[in-house]
Amino acid sequence: MPETLKMTFKDKPNDPTKTLTEPRWVRWALVSLALLFVGLFLVLPLVEVFSAAFDKGFTYYLSVVRDPVALSAIQLTLISALFSVVLNTIFGLASAWAITKFQFPGKNLLITLIDIPFSVSPVVAGLIYVLLFGLQGIWGPWLAAHNIHVIFAVPGIILATIFVTFPFVSRELIPLMQEQGSDEEEAALVLGAGGWQIFWKVTLPNIQWGLLYGVILCNARAMGEFGAVSVVSGHIRGLTDTLPLHVEILYNEYNFTAAFAVASLLTFLAIVTLVAKSLVGAKYEQEKQVLPTSLESERTV
Amino acid sequence: MNFQKSRVLPGFGLAMGLTLTYLCLIVLFPLAALVLKTSALSWGQFVQEVASPRVMASYRLTFGASFVAALCNSVFGAVLAWVLVRYDFPGRQVVDALIDLPFALPTAVAGITLTAIYAPNGVIGKLFAPLGISIAYTPLGITLALIFIGLPFVVRTLQPVLESLDPEMEKAAVSLGATRWYTVTRVVLPSLLPAWITGFSLAFARAVGEYGSVVFISGNMPMKTEITPLIIITKLEQYDYAGATAVGLVMLVISFCLLLTINWVQEHMGRYRAH
């Protein structure tokens, strides 16, 4: 015991903050390790995509990107992302309103159920729709009899995309609205506002950045989804081909430069997503930290 | 009743109705279809499908590689989170934003890019090829791909917890005579443990189900480099619906168990919710 004490007094310099951080060489080593890791695992792939994409020059790149099949893949990707974003946003708002503004039994179960698509493998996500709508599936024979195509067609792709992006918006909104409480909405109600009026004028302005954040994440995943869409698409060129699937088709045809050219479009989208995420994320942090006025005044006392 | 009194605000019926309808249509009914289809198999058939040597080999590979990848992520993810929260260095904000790249980059793009880098003629593969080490098309390559996609989970789970740690605790430890090493290992790291376990489990869960980033780099050799999600796809392409369904149910049950574990850890060990 006395030994430790002695050591402490000897080690402790006049500046107490010095023992609150690591020695200079440790800091330097940790930062270098982190930068090396980020360089190898994150920066190198980014560089690789663009260098491989322009391997055969800019004209070739343009010809790949402007190919009618690539354009139809872009179109299908945009359509399925639009459906997922719109529907999952409406669901996110509804579920967050129900979960955070009211008390009911089974609330935690509901939150867990909403999270399911996050933990399910994308391949299983595709599989369940095949089992439901495929020719061998439960509703398959009926759909076939009525000439409705879901699997190996656009509706299947949209459904699978919706499934994998299902929780993105509600997962942001539920904790945010929980944190903010219902005081402002209740005040609006007392002052005579109607339900929709409260939603548009009170709730929505309070959660706008969180909502946008969720939409950005949902959109990025929807446009980039591969596994689930791959199972239900059937890979029909120009018809059920999204951008990520188009990358796979070109790659499997050993058309590497073309595959990377299309991949570079998706990588560009990922970079835009990261920038948007950091910009919106800063506003979102402020939104999370806004305390109800009553608490704010207590804090200043 | 308390139940009624809390319903001051309007819109419960509409919001709840919409939530449940959409949840059932998109998630619950399709998942029920998987269970229903599997129940058409006899127990013997089911076991035969999910425990055949080729499928067993894929479990070993998928879980083994996912475990190693999640472990690596726990180490490097903790270093990254620590450096981002505690130190200031040029480019810190860019690194912080880049951490989410594996979330934002479509998995197919990650897959072909990592393959190009680690293939024998790739930027890094080239360095190892003369040594007789091949990375792409081996379990090592699969693990690297899984490290890539799992990285943000550990960093983003640890970061907010590290940020909110009370500096007074560390000051107290120092004033009681602890060295910096002692303070970090006995005071800081234990309080990170719940978030650490959560981050590990999230990375592991994601890796187990991962398909897009692995399928290109794995080489897909049966018994050797074939992951479980690929088995499902192969069976589907061979119109072996019973087999695909049975293996799919196993994967589903495993993801449920992981989800419940993560929820349990968060509820019982820490107050922090992962983003």
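Residues numbered from 1 in each chain as written. Chains lettered and ligands numbered in written order. Predicted model: local features only at pLDDT ≥ 70, side-chain atom pairs only at ≥ 80, totals over all residues. Heavy atoms only, no water.

A short note on the overall build of chain A
We apply this condition: Only DSSP runs of H or I reaching four residues or more are called helices, and only runs of E reaching two or more are called strands; each is numbered from the N terminus. Here, residues are in contact when the closest pair of their heavy atoms is within 4.5 Å. Working definition of accessibility: Shrake-Rupley area with a 1.4 Å probe, residue cover restricted to the visible protein chains.
Counting its regular elements, chain A contains 15 helices and zero strands. Sequence-distant contacts, at least 24 apart, represent 74% of the contacts inside chain A between residues at least 6 apart. Total accessible area computed for chain A in this model is approximately 14600 Å², and 67% of it derives from carbon and sulfur atoms.

Considering the domain arrangement of chain A
All names here are of chain A. To be explicit about the condition: Domain limits in this description derive from either an automatic procedure or a database domain assignment. Reported buried area values correspond to the accessible surface (1.4 Å probe) lost by two parts on association, with both partners' losses combined. Salt bridges, as used here, are contacts in which a Lys or Arg side-chain nitrogen is within 4 Å of a carboxyl oxygen on Asp or Glu. Each polar contact in these results corresponds to two N or O atoms within 3.5 Å; when the atoms are within protein, one needs to be able to donate a hydrogen and the other to accept it, and residues that are neighboring in sequence are counted only if both atoms are side-chain atoms.
Domain parsing of chain A yields domain 1 (19-53) and domain 2 (56-289). On a C-alpha basis, the centres of domain 1 and domain 2 stand 31 Å from each other. Taken together, the contact pairs five residues of domain 1 with nine residues of domain 2. Of all residues in domain 1, the largest losses of buried area upon contact with domain 2 belong to Val 49, Phe 50 and Ala 53, amounting jointly to 69% of the total for that side. Our enumeration of links across domain 1 and domain 2 arrives at zero salt bridges. Seen at the junction of domain 1 and domain 2, the total is zero residue pairs in polar contact (both at pLDDT 80 or more).

Focus on the side chain of Thr 234 of chain B
Residues and elements named next belong to chain B. Structurally, the position occupied by Thr 234 is in helix H13 (residues 228-237). Among the polar contacts made by the side chain of Thr 234, one reaches the main-chain carbonyl oxygen of Leu 230 at a distance of 2.7 Å. Not counting residues up to four positions away in its chain, the partners in contact with Thr 234 are Arg 54 and Glu 226.

What about unusual backbone geometry?
Generally, phi is negative for residues other than glycine and the peptide bonds are trans, each holding for most cases. For Phe 152 of chain A, which is not glycine, the phi torsion reads 60° and is therefore positive. Inspection of the secondary structure assignment puts Phe 152 of chain A in the loop between helix H7 (140-145) and helix H8 (154-165). One non-glycine residue, Tyr 239 of chain B, lies in the positive phi region at around 60°. Examined against the element boundaries, Tyr 239 of chain B turns out to sit in the loop between H13 and helix H14 (241-269).

A closer look at the environment of Val 184 of chain B
Mapped onto the elements of the fold, Val 184 of chain B is located in helix H11 (residues 180-209). The contacts of Val 184 of chain B, once residues within four sequence positions are left out, are Glu 22 of chain A together with Trp 82, Leu 189 and Pro 190 of chain B.

Overview of the confidence of the model for chain A
Residue and element names in this part refer to chain A. Applicable threshold: One number per residue, pLDDT, summarises how confident the predictor is, and it ranges from 0 to 100.
Scored by pLDDT, chain A has a mean of 88; 90% of the residues are at 70 or more. Overall, residues 1-15 carries pLDDT values under 50, and its contacts beyond four positions in sequence, including any with other chains, amount to six contacts. The model gives residues 293-301 a pLDDT under 50, and that stretch makes two contacts with residues more than four places away or in other chains.

Structural notes on the nonpolar core
Within soluble globular proteins, side chains that are nonpolar generally end up buried alongside one another. Cut-off, in case you're wondering: As used here, the term nonpolar core means buried Ala, Val, Leu, Ile, Met, Phe, Trp, Tyr and Cys residues forming a set that is joined through side-chain atoms within 4.5 Å. Each residue's exposure class comes from its accessible area (1.4 Å probe, protein chains only) as a fraction of the maximum for that residue type: buried when under 20%, exposed when over 50%, partly exposed otherwise.
Judged by nonpolar contacts, the single largest core of 185 residues is most densely connected at Tyr 129 and Phe 163 of chain A together with Ile 26, Leu 80 and Tyr 118 of chain B. In terms of residue count, the dominant contributor to this core is helix H9 (residues 139-164) of chain B (14 residues). Here this core spans two domains, since at least three of its residues come from each of domain 1 (19-53) and domain 2 (56-289) of chain A. Setting aside its immediate chain neighbours within four residues, Tyr 118 of chain B contacts Ile 124, Gly 125, Ile 135, Ala 136, Leu 144 and Ile 217 of chain B.

Here we look at the packing of H9 of chain B against H11 of chain B
All names here are of chain B. To keep it simple, the criterion reads: An axis is simply a line fitted to the C-alpha atoms; with a helix, the fit covers only the stretch in contact. Between two such axes, the angle follows the N-to-C directions and lies from 0 to 180 degrees. Working definition: roughly parallel below 35 degrees, roughly antiparallel above 145 degrees, roughly perpendicular at 65 to 115 degrees, and oblique for all remaining angles. By convention, the crossing between two helices is left-handed when the near helix turns anticlockwise from the far helix through less than a right angle, and right-handed when the turn is clockwise. Amino acid classes used here: Ala, Val, Leu, Ile, Met, Phe, Trp, Tyr, Cys and Pro are nonpolar; Asp, Glu, Lys and Arg are charged; the rest, including Gly, are polar.
At a minimum axis separation of 8 Å, H9 and H11 run at an interaxial angle of 150°. Taken together, the axes of H9 and H11 are roughly antiparallel relative to one another. You can see that H9 and H11 cross each other, and the crossing is right-handed. Contacts from Leu 146, Ile 149, Gly 150, Phe 153, Val 154, Thr 157, Leu 158, Val 161 and Leu 162 of H9 reach H11 at Val 188, Ser 191, Leu 192, Ala 195, Trp 196, Thr 198, Gly 199, Phe 200, Leu 202, Ala 203, Arg 206 and Ala 207. In terms of residue class, the contact of H9 with H11 is built from 15 nonpolar, five polar and one charged.

Brief notes about the interface of chain A and chain B
The partner chain B presents 87 residues to the 95 residues of chain A that form the contact. When chain A packs against chain B, the two sides together hide about 8300 Å² of surface, and 80% of this comes from carbon and sulfur. Notably, a salt bridge pairs Lys 277 of chain A with Asp 100 of chain B, separated by 2.4 Å at the nearest N-O pair. At the surface where chain A touches chain B, the tally comes to ten residue pairs in polar contact (both at pLDDT 80 or more). Per element, the largest residue contribution to the side of chain A that touches chain B is 17 residues, and it comes from helix H2 (residues 24-53) of chain A. Tallied by class, the residues present in the side of chain A that touches chain B amount to 62 nonpolar, 20 polar and 13 charged.

Things to note about the packing of aromatic side chains
Put simply, the rule is: In this analysis, rings of Phe, Tyr and Trp, with Trp reduced to its six-membered ring, are considered paired at centre separations within 6.5 Å, and the interplanar angle assigns stacked below 30 degrees, edge-to-face beyond 60, and tilted for intermediate values. Placement of a positive charge over a ring is assigned whenever Lys NZ or Arg CZ falls within 6 Å of the ring centre and within 35 degrees of the normal to the ring plane.
Evaluated as defined, the whole model comprises 29 aromatic pairs over all chains. Taken together, the ring pairs in this structure connect Phe 226, Tyr 251, Tyr 254 and Phe 256 of chain A together with Tyr 211 and Phe 216 of chain B into an aromatic cluster. A cation sits over an aromatic face here: Lys 288 of chain A above Tyr 284 of chain A, 4.5 Å from the ring centre. We note Arg 86 of chain B situated over the ring of Trp 82 of chain B; from NZ or CZ to the ring centre the distance is 4.7 Å.

Remarks on the confidence of the model for chain B
Residues and elements named next belong to chain B. Put simply, chain B has an average pLDDT of 90, and 95% of its residues get 70 or more. Contacts for the low-pLDDT stretch residues 1-5, under 50 throughout, to residues beyond four places or in other chains number three contacts. Predicted as a complex, the structure gets a pTM of 0.89 and an ipTM equal to 0.89.

Looking at a nonpolar patch on the surface
Note the threshold: Patch membership is restricted to residues that have no salt bridge and whose relative accessible area is over 30%. Joining uses 9 Å for like charges and 5 Å for the nonpolar side chains Val, Leu, Ile, Met, Phe, Trp and Tyr.
The grouping of Ile 79, Leu 82, Phe 83, Val 86, Leu 87 and Ile 90 of chain A together with Leu 18 of chain B at the surface amounts to a nonpolar patch, some 580 Å² of accessible area in total. Per-element tally for the nonpolar patch: the top contributor is helix H4 (residues 68-101) of chain A, with six residues. When you line up the elements, Leu 82 of chain A lands in helix H4. Classification of Leu 82 of chain A by relative accessible area gives exposed; the value is 57%.

Observations regarding helix H11 (residues 195-224) of chain A
Quick note on the threshold: The span expected for a helix works out to 1.5 Å for each residue beyond the first. We define the bend at any residue as the angle between the axes fitted to the seven residues before and including it, ending there, and the seven starting there.
The end-to-end C-alpha separation of H11 of chain A is 37 Å, well short of the 44 Å expected for 30 residues at 1.5 Å each. The axis of H11 of chain A is deflected most strongly, by about 60°, at Gln 208 of chain A.

Description of the pattern of salt bridges
Residue and element names in this part refer to chain A. Enumeration over the complete set of coordinates arrives at 17 salt bridges over all chains. Two residues, Arg 171 and Asp 115, come together in a salt bridge whose shortest N-O distance is 2.8 Å. Residue Arg 171 is found in helix H9 (residues 168-180), and its partner Asp 115 is found in helix H5 (residues 107-119); the two are separated by 56 residues along the sequence. Taking relative accessible area as the criterion, Asp 115 reaches 9% and is therefore assigned buried. Between Arg 237 and Glu 253 there is a salt bridge, with its nearest N and O atoms 2.7 Å apart.

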